[in-house]
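Residues per chain are reported as follows:
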Amino acid sequence: MKLARKITLALVLLAVAVMAGLQTFQVERELARSAIDMQHDHRLLGHTLAGSIGKAWQLAGESEALTLLNQANRFQEQVRLRWVWIDGGPGSGFAPLLPPALLASLRAGHDGSVVDASDDPDVLRSYTPVLLGRRLGAIEITEALTEQQLHVRTTVVGTAIATATIAIFFLLAAMALGRRLVGRPVEQLMTFAHRIGEGDLTARVPLRGGRGDELTTLAAAMNRMGEQLEETRSRLATETAGRLSTLEHLRHADRLTTVGKLASGVAHELGTPLNVVMGRAKMIASGEAEGDEVGECARIISQQAQHMTAIIRQLLDFARRRTPHRAPEDVAQLVSRTLGLLKPMATKHGVTLAQEVPSGLSLDVDGGQLQQVLTNLVMNGIQAMRRSGTLRVSAQHTRAAPPADVGGPEAEWVRLDVEDEGEGIAPEVLPHIFEPFFTTKDVGEGTGLGLSVSYGLVRDHGGWIAVRSQPGHGSCFSIYLPPGADSCQAAS
C-alpha cells in the first residue's frame with residue numbers, strides 16, 4: 001500500500017505543478033496583453049490631445065492650452081492628464097524624475113511609458129511629446145493599475161481554488177485506483193511471499209483475467225515458482241526417504257559384517273562353557289556324580305548355560321535392526337558391554353582391552369548406534385595391532401571448537417578416545433578414511449563401510465570424529481558428542 005500512496009502522491013504533485021504552470025503562464029499572458037492595450041489607449045489619447053493643445057497654445061497661449069488640458073481631465077475618470085516640460089528649459093523642474101533612457105527617447109520625439117511602483121496602487125505613466133515653438137513638452141497620462149491587480153488577485157485565487165479542488169478530486173480518484181490496481185495486488189503478493197516463507201507451498205496468488213499488466217505477470221510467475229517449489233519439495237522428500245532407507249541398510253549391513261567377524265570369537269568363547277556342560281553331563285549320566293555332587297553338577301550346568309545364553313543374546317542384540325531412539329545412556333556401562341563383546345577377538349590377537357571411563361558420565365544417545373560406532377573403532381584398532389599390546393577406551397569432558405562441516409562456536413563436549421598401539425595411518429590415506437567403501441585392508445577383511453557409517457551416526461547425534469595418527473606409533477579416534485543434562489551437572 002505504501003507504493004500506491006507514493007505513486008498517487010507523485011501523480012497529484014505532478015498534476016498540481018502542471019496546472020499551476022499553465023495558470024501562471026495564462027495570467028502573465030493576460031497581464032502583458034492588458035499592458036499593451038493600456039499603452040495603446042494612452043497613445044491614442046495623447047496624440048488626440050497633442051494636436052488640440054498645440055493649436056490652442058499657438059492661438060490663445062499657454063493658459064488657454066492648460067485650461068483645455070484641465071477640462072479634458074474632467075471627462076476622464078480612470079486617467080489623469082498633466083503637462084510637463086522635458087527640454088530642460090525654464091520651468092523644467094516641474095517635470096518628474098524619469099529614467100534616463102525614457103527621457104532620451106522623449107526628447108527624440110518618441111512616445112514612452114513607465115510603471116511607477118512608488119504609489120499604492122502602482123500606476124502607468126505615459127508621455128506624448130509636444131513641440132511648442134522651440135520648447136519640448138509632453139502630455140503625461142497617469143492611470144492606476146487597480147483593476148489590473150484586482151484581476152490578477154482574482155485570477156490567482158480562482159486558480160488556487162480550482163487547482164485545490166481538482167487536486168483533491170484527483171487524489172481521491174488516484175487513491176481509489178491505486179488501491180485497486182496496485183495496493184491490493186501488492187498485498188496479495190506479500191501474503192503469498194509470507195506463506196511461502198513459512199513453508200506453505202500450496203499458496204497461490206489469485207489471478208484476474210483481462211488485466212495483463214506487470215503485477216499480473218509477476219503473480220503468474222510467483223504461482224509457477226510455488227508450483228515448482230512444491231514439486232521440488234515432494235521430489236526431495238521422496239529422494240531423502242530413499243537415501244535414509246539406503247543409509248539404514250548400509251548401517252545394518254555394516255552391523256551384520258561386524259557380527260560375522262565376531263562370530264569366530266564368540267564361538268571360541270562358547271567352547272569353554274560347552275566343555276564344562278558336557279563334562280558335568282557325562283558325570284551325571286555315568287553315575288560318577290552321586291548325592292550332593294549331582295546337585296552341584298546341575299547348578300554348574302545351569303550357570304554355564306546362562307553364560308552362553310548371555311553371550312548369544314548380546315551378539316543378537318548387536319545385530320538386530322531397530323529404530324533409533326535417544327535416551328540417557330551410562331557411558332561406562334556402554335563401553336563395558338562393547339569391550340565384553342569384543343574380548344574374544346582381542347584375546348585371539350593378543351590385545352588387552354582397557355577401560356578408563358569415569359562413573360556417572362551420561363549421554364543422550366541411541367545406545368545401539370553408539371555401541372556400533374565403538375565396536376567399529378575398537379575392531380579396527382585390534383586389527384591394526386600386528387603384535388600384542390593394549391587398546392584403551394577413555395572418556396572425559398573437554399572444550400573444543402567444531403570443524404567447518406559441523407559449524408558452531410567453541411563449547412563443552414564429551415570426548416571418547418579409542419587409542420590403539422598399531423601401525424598407524426599413512427598421511428596420504430588419512431583424508432580418505434571416512435569415505436564410503438574406502439579401505440586399506442586385504443580382500444575379505446573389510447568393506448570400507450565401518451568408518452563411514454560410524455561418522456554418519458556420530459553426525460546424526462550432533463558430533464564428529466577426529467583422528468590423530470602417526471605411522472608406527474598407533475592411532476587415536478576421538479568421538480565428540482554433546483553432553484547430556486546429567487553429564488553437564490556432574491561436570492559443573
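Since we're looking at a predicted model, the values are computed, not measured.

Quick look at the overall build of the chain
Helix and strand counts for the chain come out as ten helices and eleven strands. Per-residue burial over the chain gives 35% buried out of 492 residues. At a minimum sequence separation of 6, the contacts of the chain that also span at least 24 residues come to 66%.

Structural notes on the sheet that holds strand E8 (residues 389-400)
Spatial strand order, E6-E8-E9-E11-E10: five strands in an open sheet with mixed pairing. Of all the strands in the sheet, just strand E6 (351-356) and strand E10 (464-469) have a single pairing partner and so form its edges. On average, each strand axis in the sheet is inclined to that of its neighbour by 20 degrees, with strand direction left out of account. In terms of strand pairing, E10 meets strand E11 (residues 475-481) through six bridges, oriented antiparallel. Residue pairing across strands places valine 467 opposite phenylalanine 477, the latter belonging to E11. Running over the sheet, helix H7 (residues 331-348) touches E6, E8 and strand E9 (411-419) and is turned about 175 degrees from E6.

Section: the pairing of E8
With six bridges connecting them, E6 and E8 associate as parallel partners. Across the sheet, threonine 352 pairs through a bridge with threonine 390, a residue of E8.

Concerning the nonpolar core
Counting residues in each nonpolar core, the largest one holds 43 residues, and the members touching the most others are Val331, Leu363, Val378, Leu391, Leu416 and Ile479. Contributing elements (two or more residues each) for this core: H7, strand E7 (362-365), helix H8 (367-384), E8, E9, helix H9 (450-460), E10 and E11. When sequence neighbours within four positions are dropped, the list of residues in contact with valine 331 reads Val357, Leu361, Ser362, Leu363, Ala395 and Leu416. Judged by nonpolar contacts, the second largest core, of 17 residues, contains Ala65, Leu81, Trp83 and Ile139.

Description of the packing of aromatic side chains
Aromatic ring pairs are described here by two measures, namely the spacing of the ring centres and the angle between the planes. A complete count under the given rule lists five aromatic pairs for this structure. Both rings, one in tryptophan 57 and one in tryptophan 85, keep their centres 5.7 Å apart while their planes meet at 90 degrees; by these two values the pair is edge-to-face. Within this pair, whereas tryptophan 57 is found in helix H1 (residues 2-60), its partner tryptophan 85 is found in strand E1 (residues 79-85), the two being separated by 28 residues in sequence. We classify tryptophan 57 as buried; its relative accessible area is 16%. Classification of tryptophan 85 by relative accessible area gives buried; the value is 8%. Between tryptophan 83 and tryptophan 85 the ring centres are 5.5 Å apart and the planes differ by 85 degrees, which places this aromatic pair in the edge-to-face class. By relative accessible area, tryptophan 83 is classed as buried at 6%.

Description of the pairing of strand E3 (residues 123-132)
Of all ten residues that make up E3, nine are buried, and the element is covered over most of its length. Examined bridge by bridge, strand E2 (residues 112-116) and E3 share five bridges and lie antiparallel to one another. Bridge assignment links glycine 112 to a residue of E3, and that residue is tyrosine 127. By the bridge criterion, ten bridges tie E3 to strand E4 (residues 135-144) in an arrangement that is antiparallel.

Looking at the sheet that holds E3
Strand order in the open sheet formed by four strands is E1-E4-E3-E2, with antiparallel pairing between adjacent strands. Only two strands of the sheet have a single partner each, and these edge strands are E1 and E2. Between one strand and the next, the sheet's axes are offset by a mean angle of 25 degrees, whatever the strand orientation. Relative to E4, E1 runs antiparallel, the two sharing seven bridges.

Rules used throughout
Residues numbered from 1 in each chain as written. Predicted model: local features only at pLDDT ≥ 70, side-chain atom pairs only at ≥ 80, totals over all residues. Heavy atoms only, no water. Helix = DSSP H or I, 4+ residues; strand = E, 2+ residues; numbered from the N terminus. Buried < 20%, exposed > 50% of the residue type's maximum accessible area, 1.4 Å probe, protein only. Contact = heavy atoms within 4.5 Å. Pairing = 2+ DSSP bridges. Axes fitted to C-alpha atoms, helices over the stretch in contact; angles between N-to-C directions. Core = buried A, V, L, I, M, F, W, Y, C linked by side-chain atoms within 4.5 Å. Phe/Tyr/Trp six-rings, centres within 6.5 Å; stacked < 30°, edge-to-face > 60°.

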